[in-house]
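# Structural overview
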Amino acid sequence: MINKKLSPIRLSGGLVQAAILLSLCAAPAFAESQQVLGWVEEGVILPENVAVKFKLDTGALTSSMHAEDVERFKKDGDDWVRFNIELEDIDTNKQVNSQLERKVERAIKVRGAGGAERRPVVLMKVCLGDRVYEEQFSLNDRDRMNYPVLVGRRTLEKVGLVDSNKTFTVEPDCSKSASSA
């Protein structure tokens, strides 16, 4: 029974009791089962194996990845894009330039100070911690941004929790799982 002096909320049917019991039982189990990452982590873009800074952004719904010279084309009746990634690997300090082609999964409309634009969304594989994720990323020139990869909530729900007080909590090591996703 809940102490009525401590509980100003009174609902019938024991809903408050059930909510408190559920929160006390579920919260520790949830926290233990999820990895906790910082708001900035080192990750690897696959298959190029480029190590870059990933910003884990709970304010963004869709993840975004740096891409230049995005060119749309048709392949077997489907919408595809060809794009370049030109990034500096933070582990080796070497410049990596690759041209990739991906099927367009969908397009999103992004509104900003400069107006609205449509961006293609493609499936990309990335390594974060010891797991490979194949997730949807919108393609955008992020040259002027501090982080070439932004991980949004759709991906974060699979990755784990974000602690805004931490950075670089895990080293990417997906050598065993690089072929899976």
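Residues numbered from 1 in each chain as written. Predicted model: local features only at pLDDT ≥ 70, side-chain atom pairs only at ≥ 80, totals over all residues. Heavy atoms only, no water.

## Let's talk about the nonpolar core
Counting residues in each nonpolar core, the largest one holds 26 residues, and the members touching the most others are Ile45, Val52, Phe54, Met65, Phe83, Met124 and Val149. Breaking this core down by element, the ones donating at least two residues are strand S1 (36-46), strand S2 (50-56), strand S5 (78-88), strand S6 (95-112), strand S7 (115-128), strand S8 (131-140), strand S9 (149-151) and helix H2 (153-159). Not counting chain neighbours up to four residues away, the residues in contact with methionine 65 comprise Ile45, Met124, Val126, Phe137, Ser138, Leu139, Asn140, Arg142, Pro148 and Val149. (Core = buried A, V, L, I, M, F, W, Y, C linked by side-chain atoms within 4.5 Å. Buried < 20%, exposed > 50% of the residue type's maximum accessible area, 1.4 Å probe, protein only. Helix = DSSP H or I, 4+ residues; strand = E, 2+ residues; numbered from the N terminus. Contact = heavy atoms within 4.5 Å.)

## A look at the state of the cysteines
Per the counting criterion, the structure on display carries 1 disulfide. Across a sulfur-sulfur distance of 2.0 Å, cysteine 127 and cysteine 174 are joined as a disulfide pair. For the disulfide bridge between cysteine 127 and cysteine 174, the dihedral angle about the S-S bond is near 85°, and by the sign convention the bridge is right-handed. Taken together, the residues cysteine 127 in strand S7 and cysteine 174 in the segment after strand S10 (161-167) connect sequence positions 47 residues apart. The burial state of cysteine 127 is the same as that of cysteine 174; both residues are buried. (Disulfide = S-S within 2.5 Å.)

## With respect to the pattern of salt bridges
Side chains bearing opposite charge may pair, as long as their charged atoms lie close to each other. For the coordinates displayed, the defined rule picks out 7 salt bridges. Aspartate 78 is the partner of lysine 103 in a salt bridge, and the nearest nitrogen-oxygen pair spans 3.8 Å. Of the two residues, lysine 103 sits in strand S6 while aspartate 78 sits in strand S5, which places them 25 residues apart along the sequence. Judged by relative accessible area, lysine 103 falls into the partly exposed class, the value being 37%. The shortest N-O distance in the salt bridge between lysine 158 and glutamate 135 comes to 3.0 Å. In this pair, lysine 158 sits in helix H2 while glutamate 135 sits in strand S8, placing the two residues 23 residues apart along the sequence. Overall, the relative accessible area of 43% leaves lysine 158 in the partly exposed class. (Salt bridge = Lys/Arg side-chain N within 4 Å of Asp/Glu carboxyl O.)

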